[in-house]
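In case you want the letters, here they are:
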Amino acid sequence: MADEQGSYNEFSGVYDPYENYEFTRDVIYRDIVSPEAFTRKEAREADRRAMETFGIPGILLMENAALAVVREVRDYAIFAIVCAPGSNGGDGLAIARHLCIIGKDVRVYIVGDPRKGSEDFKTNLKVMSHLAPEVLNTVNDDNFEDFVSALKGCETCIDAIFGTGLNRPVEGIFKRVIDAINEFAVHTVAVDLPSGLDCDTGEELGVAVKAEKTVTFHRMKKGLDLAPKFGGDVVVSYIGIPN
């Protein structure tokens, strides 16, 4: 049985209101001349080439990525920024820094062990710990309701958990966090790719963030092209990676 926009899967017993819905969205290119969509491997190679061939520090690309997101969200006032300890989370911490500096109400929620973070993540975490330590929070089972309250109270949730590199099912506290974002956040902006979405296929890796907007970097991503119900409107932003 189904209605006009959704369907009921008799095998899984799960109703998906979006399965038969035809999504429309805007795709905007900010100083990007190519409409090409990258796979995970191509995105990784573009980053590697920028850093190793041209000597562009990874943290500089991260800073440019953060500023690209800030330009898209600066009209909002209250933010919950959700980060994991990888490069995507480093982007999120840099976004949080800029939003704090321009006077926004920001709360950062780190999922996972920050001690296991990338070096660029740790650099941005150290800066935030000096600039605004009071906004930094971790997410675990003991304080999960506080996290949910922040999602309900923010104007915009920024998803900086997983990026293009994810290729395994989302489990544990990460799955619980993504489920909460989808249930309680009124407006979500994904950084580079909605967390839990496969960069190549557009498939959910167990669970994926359903964003109203995605700010992706350098090139459109294949998965965003294939799964508009997760990415929402897309902004493809220049961050200084050579063609």
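Residues numbered from 1 in each chain as written. Predicted model: local features only at pLDDT ≥ 70, side-chain atom pairs only at ≥ 80, totals over all residues. Heavy atoms only, no water.

(A) Here's a closer look at the packing of helix 3 (residues 87–101) against helix 4 (residues 119–131). In the contact formed by helix 3 and helix 4, the axes pass within 8 Å of each other and the chain directions differ by 25 degrees. The angle between helix 3 and helix 4 places the two elements in the roughly parallel class. Between helix 3 and helix 4 the crossing geometry is left-handed. Taking contact as the criterion, the partners of Gly89, Gly90, Leu93, Ala94, Ala96, Arg97, Cys100 and Ile101 in helix 3 are, on helix 4, Phe121, Asn124, Leu125, Val127, Met128 and Leu131. (Axes fitted to C-alpha atoms, helices over the stretch in contact; angles between N-to-C directions. Helix = DSSP H or I, 4+ residues; strand = E, 2+ residues; numbered from the N terminus. Parallel < 35°, antiparallel > 145°, perpendicular 65-115°, else oblique. Left-handed = near helix turned anticlockwise from the far one by under 90°. Contact = heavy atoms within 4.5 Å.)

(B) The arrangement of the sheet that holds strand 3 (residues 27–30) in detail. The parallel open sheet is built from eight strands, whose spatial order is 3-12-10-9-8-5-6-7. Every other strand in the sheet has two partners, leaving strand 3 and strand 7 (136–138) as the edge strands with one partner each. Strand-to-strand, the axes of this sheet are offset by a mean angle of 20 degrees, without reference to chain direction. Here strand 5 (residues 78–83) runs beside strand 8 (residues 156–160); their pairing, made up of five bridges, is parallel. Note on strand 8: the bridge partner recorded for Ile81 is Ile158. (Pairing = 2+ DSSP bridges.)

No statement about biological role is implied by the geometric values presented.
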